[in-house]
Amino acid sequence: MPAALVAWAVAWALTGPAQGWAGTVAAGAVLGGAVAGAATVLARRPGAPRPRRGAWGRARRRGRPGEGRPASGHVVVALACLAAVALGVHAQTARQAPLRALAGQGAHAELVGRVVSEPRPAVFGDGLRWQLAVGHVTARGVASSAAGLVEVTAAGPAPRYGATVGVLGVLRPVDGGDGPLARTQVAGPVAERAPPSGPLRVTHTMRSALLDVTDPLSAQARGLVPGVAVGDTSRVPDAVDESMRVTSLTHVTAVSGGHFAIVVATLTGLCALVRAPRALRVGVVAVVAAAFVLLVRPEPSVLRAAWTCAVALLALALGRPSAGPPALAAAATVLLVVDPWLARSYGFVLSCAATAGLVLLAGPLARRLAPWTGRPLGFALAVPWAAQAACGPVLLLLDPHVPLMSVPANLLATPALVPATVLGLVATVLAPWAPALALHAAWLSGLATGWIATVAQAFASVPGARLPWPAGPLGVVALALLTVAALALVLRRPPGEGWRREWRDAVPRAARRVRRRVRRATVRRGRARTAAVAGLAGAALLAVLAVAVPRLVGAGHGPPDDWTVAACDVGQGDALAVRTGPSSAVVVDVGPDGEAAGRCLDRLGVATVDLLVLSHFHADHVGGLAAVLRGRTVTEALVSPLDEPAGQAERARSQLAAAGVPVRAAVAGDGGSAGAATWAVLSASGGPADAAAGGGGEGDGANDASVALELRTAGGLDVVALGDLEEAGQDALAASLAATGRASDVDVVKMAHHGSRSQSGELARHLSPRVTLVSVGADNSYGHPTDDALSLYASAGSALVRTDECGTAALVTRGDGIGLACR
């Protein structure tokens, strides 16, 4: 465990700004390891003093406690892991250097490599996006080998996973994170230069056939059956997806240790039925586990589960006892040495944290609960409680809320995961060759996923299902300390006559009498009645949680009644509301596809949109239009004059026309009133010349054709929304504003392009906002917002508010001040 923690800390540090120190750290670790190794050898000479035993754990031989390992031995192992991670970072950084340099220069390059992700809808424009593991790059007439991930957005069908392809496009940098280091956009479809390997072709066929088989099923089954079986979440309904996120049930479709446990347990049971020898059992499980990894794709959480399974299988093959913590530590260390950037992967971190919580906390928690709930229910409650305790602080970095309904929701939903997964995998295997039988298996799996979806939506609809929590490091530390204190209180061993007496003294006398009678009844009627009473106790506990928790937390946590400006939390996209009346607002952009923007306006109480502004037609700004139009009156729509990308623009215009909304293209200098607010267009360029110039960072000119809007509320608050203007467009706007003297020292600015590095210092200094809103998704692959963008506006004296940390950010006016409420 110490070696794993050292490897993790070093990997996290060296994959950040300290990459340049990797070689020095590796050399120092090698030198320190040599010194510690020599000290260990000298200490073991005959007649040498007995070495001090380590305090980091005790070795076990043949299942019995043995003598502790010398402390110097632990140091040698930790330094060896440190050196391996540092050397890995140094070597991989050197191989990534050509791609990073070309991306920083915005070079036009030809990339050749393998497709290493399933396609997802494009964030900007039409088409699909997928990741390419680059092996060779050609730029400026020079070909060279390279390594690194590049996110490719292309029209047409995506190439198959594992296929070798070549793409030609302009490289754009991506800042930070564990994902791609560059991105590019390709105009046409990408052809395969070489097909995937045989096993990958088979898994592609199985995944595609499963989607075809589940197509006639209900909406939730169409999405969740492929999700629980192979991790394909492309068709999960938005409402179900949001409910599962609120109740911490997203692990159902995030293939990880739970799915591996189900597969391995099923195989082990089948092998036991046929009395297979140990060697055959190990071989069968190893082969099927490897095939399962290929089927669900080697994502970080899948790799962690697979390597942990491999360590356990190795112990079984050698006839050695296996334990959860060492297996997890060994798997994590190996993966961090191979790919140090996993230390920054939320999927990998959450997978390791959840597993650690289960192996370290579930057993003790279950033992504490067993006297009151019975062993089965106690263990069922301990599992989600332990996982939530371990993952809670990490999840705050993605969403600043504490899910209060996660334990009861998981208690009821998780049992359905076993039949859903097994039947879903049966349907997957049968789908290419026996689709009729596969449909029956998928339908049965859909019954189980239907229960999971019902539980998720029921608990997500409970008022106060999520408790807002302070974002950032302070919030994480606060929740971690609170979690540790709660666990220490529950798991501690009280002095005196033990914890049972303390509990008895704390329970009211009437409750003690009921408990004694229940115990007598269960003893007389045997184990069957014990299980029934435990079930009733569990139902009562859930009822108490469903009723009492919302009362303790409060009836929801909506925005303040007197909100003035709100940046909706829509993930990686934009949706801004500026209040114009008691139930009306100007809405600027509607976020990506889904219900997020519509739900935000519902919570804000916006029934009428006096003016709907679509700054430009990229999917992360117009994708949520249907949800915003549904059930609301939209008086007028103002859109970008450049209809690019054409597919998105046509779709948005069709939706507006179907809703009967008048539409007109924005023109610089245009203005008017919307309810109690006034508005003016500061910038809106478009036309063939702008598109050809490719001023937008996405290569279609749409970003710099964004509508830049100035609004003034009834309370005198000046708000400027910049769309996705790039640096060139911002410079042009700054020059125009400087010439006219408009929009100087405003109150609120919605930062351009989610805080990308393409920002104008001149515009930031001219606007000099009191508050800067940054609409950005917590888990985005673009590195938004960049440190440079945040520092630029901070240096202008602005307070920075990010939706990935705050959630929906509602601003209120308090005299001359501006208040903030994060929801």
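Remember, predicted model here, so these are calculated numbers, not experimental data.

Glancing now at the pattern of salt bridges. A full pass over the atoms with the stated rule returns 22 salt bridges. For Arg193, the salt bridge identified is with Glu110, shortest N-O distance 2.7 Å. Here the residue Arg193 occupies a position in strand 10 (residues 192–194), and Glu110 occupies one in strand 3 (residues 108–115), the gap between them amounting to 83 residues. Across the salt bridge formed by Asp670 and Arg664, the nearest N and O atoms sit 2.5 Å from each other.

This part is about the nonpolar core. Most often, soluble globular proteins have nonpolar side chains that are buried together. Core analysis: the biggest nonpolar cluster contains 32 residues, and Trp563, Leu604, Leu612, Leu614 and Leu656 have the highest contact counts within it. Mapped by element, the contributors of at least two residues to this core are strand 15 (584–588), helix 19 (596–604), strand 16 (608–614), helix 21 (625–629), strand 18 (637–639), helix 22 (646–658) and strand 27 (809–814). In terms of residues, this core owes the most to one element, helix 19, which gives four residues. Among residues more than four places away in sequence, those in contact with Leu604 are Pro559, Trp563, Ala566, Cys568 and Ala577. Core analysis: the next-biggest nonpolar cluster, separate from the first, contains 31 residues, Met206, Val282, Leu313 and Ala442 among them.

Turning our eyes to something else, we now look at the state of the cysteines. Scanning all chains against the criterion turns up two disulfides. Bridging Cys568 to Cys600, the disulfide has an S-S length of 2.0 Å. Disulfide Cys568-Cys600: torsion about the S-S bond near -75°, hence left-handed. Highlighted residues: Cys568 in the loop between strand 13 (565–567) and strand 14 (576–581) and Cys600 in helix 19, separated in sequence by 32 residues. The exposure classification of Cys568 matches that of Cys600, with both residues buried. In this model Cys806 forms its disulfide with Cys822; the gap between the sulfur atoms is 1.9 Å. Here the S-S torsion is close to -110°, and the disulfide linking Cys806 with Cys822 is therefore left-handed. Of this pair, Cys806 sits in helix 27 (residues 803–806) while Cys822 is found in strand 28 (residues 817–822), placing the two residues 16 residues apart along the sequence. Cys806 gets classed as buried once you look at its relative accessible area, which sits at 6%. Should the bonded cysteines of the chain be numbered as they appear in the sequence, the pairing reads 1-2, 3-4. The closest cysteine sulfur to the non-disulfide-bonded Cys352 is located on Cys391, 10.0 Å from its own sulfur.

Mapped onto the elements, Thr803 comes out in helix 27. Contact partners of Thr803, with chain neighbours within four places excluded, come to Ala567, Cys568, Asp569, Val774, Ser775 and Val776.

Time to look at the environment of Ala122. The topology assignment puts Ala122 in the loop between strand 4 (120–121) and strand 5 (128–139). Take Ala122: its relative accessible area is 9%, and that puts it in the buried class. For the pair Ala122 and Thr153, spaced 31 residues apart in the sequence, the C-alpha separation amounts to 6.4 Å. Ignoring any residue separated from it by four or fewer positions in sequence, one finds Ala122 in contact with Gly127, Leu128, Arg129, Thr153 and Ala619.

For helix 9 (residues 300–318), built from 19 residues, the straight-helix expectation of 27 Å at 1.5 Å per residue is met to within 8% by its first-to-last C-alpha distance of 27 Å. Within helix 9 the residues assigned to the buried category are Pro300, Ser301, Val302, Arg304, Ala305, Ala306, Thr308, Cys309, Leu313 and Ala315. Elements that come into contact with the buried residues of helix 9 comprise helix 7 (257–273), helix 8 (278–296), helix 10 (324–338) and helix 11 (346–373).

Here the structure, examined in full by the defined rule, presents one aromatic pair. Seen from their ring centres, Trp8 and Phe348 are 5.4 Å apart, and the 35° between their planes marks the pair as tilted. Of the two residues, Trp8 sits in helix 1 (residues 2–14) while Phe348 sits in helix 11, which places them 340 residues apart along the sequence. Residue placement shows Arg297 over the ring face of Tyr161; its charged tip is 4.4 Å from the ring centre. Note that Arg344 overlies the ring of Trp12, its terminal NZ or CZ placed 4.5 Å from the centroid.

What follows covers the pairing of strand 9 (residues 182–186). The element strand 9 is largely enclosed, with a buried count of four among its five residues. Pairing analysis gives five bridges linking strand 6 (residues 142–154) to strand 9, with the strands arranged parallel. Its bridge partner lying in strand 9, Val152 is registered against Thr184. Sheet topology note: the strand 8 (residues 172–173)/strand 9 ladder contains two bridges and is antiparallel.

What counts and what doesn't
Residues numbered from 1 in each chain as written. Predicted model: local features only at pLDDT ≥ 70, side-chain atom pairs only at ≥ 80, totals over all residues. Heavy atoms only, no water. Salt bridge = Lys/Arg side-chain N within 4 Å of Asp/Glu carboxyl O. Helix = DSSP H or I, 4+ residues; strand = E, 2+ residues; numbered from the N terminus. Core = buried A, V, L, I, M, F, W, Y, C linked by side-chain atoms within 4.5 Å. Buried < 20%, exposed > 50% of the residue type's maximum accessible area, 1.4 Å probe, protein only. Contact = heavy atoms within 4.5 Å. Disulfide = S-S within 2.5 Å. Expected span 1.5 Å × (residues − 1). Phe/Tyr/Trp six-rings, centres within 6.5 Å; stacked < 30°, edge-to-face > 60°. Lys NZ or Arg CZ within 6 Å of the ring centre and 35° of its normal. Pairing = 2+ DSSP bridges.

Coordinates in, geometry out; function isn't part of it.
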